[in-house]
Amino acid sequence: MKRKFTTTLDEDVIKQIRILAIERNESVACIITKWLKSEIKNNAQKSHNKTL
């Protein structure tokens with residue numbers, strides 16, 4: 001399920017994401033979603049490794 005998410009980002013960050021989106025022929029939302037999923041996965045792995 002997808003939900004609308006609203007946030008405020010730095011103007012420079014928005015510009016960089018838009019440029020990246022154009023270069024990759026993807027939407028800004030797609031790039032942000034991929035990045036967030038990657039961060040969540042990496043943080044979960046780090047937490048798991050600390051408990052070992």
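1. Regarding the overall build of the chain
- Per the secondary structure count, the chain includes two helices and zero strands.
- For the chain, the C-alpha radius of gyration of 14 Å lies well beyond 10 Å, the compact-globule estimate for 52 residues.
- Here the C-alpha coordinates of the chain stretch approximately 40 × 25 × 20 Å along the principal axes.
- Burial analysis of the chain (52 residues in total) assigns 6% to the buried set.
- About 5200 Å² of surface is accessible on the chain, with carbon and sulfur atoms providing 56% of the total.
- For the chain, the distance from the average position of its 11 positive side-chain charges to the average position of its 6 negative side-chain charges is 11 Å.

2. A word on unusual backbone geometry
- Even without glycine at this site, N25 takes up a positive phi of about 55°.
- A relative accessible area of 72% means that N25 is categorised as exposed.

3. A few points about the environment of I22
- Within the secondary structure, I22 is located in helix α1 (residues 11-24).
- Taking the C-alpha atoms as reference points, I22 and N42, 20 residues apart in sequence, are found 26 Å from one another.

4. Focus on α1
- An ideal rise of 1.5 Å per residue puts 20 Å on 14 residues; α1 measures up with 20 Å between its terminal C-alpha atoms.
- Two residues or fewer after α1 comes N25, characterised by a positive phi angle close to 55°.

Conventions adopted
Residues numbered from 1 in each chain as written. Predicted model: local features only at pLDDT ≥ 70, side-chain atom pairs only at ≥ 80, totals over all residues. Heavy atoms only, no water. Helix = DSSP H or I, 4+ residues; strand = E, 2+ residues; numbered from the N terminus. Rg over C-alpha atoms; globule rule 2.2 N^0.38 Å. Buried < 20%, exposed > 50% of the residue type's maximum accessible area, 1.4 Å probe, protein only. Areas by Shrake-Rupley, 256 points an atom, 1.4 Å probe, with all protein chains shown as cover. Lys, Arg positive; Asp, Glu negative; His and termini not counted. Charge placed at Lys NZ, Arg CZ, Asp CG, Glu CD. Expected span 1.5 Å × (residues − 1).

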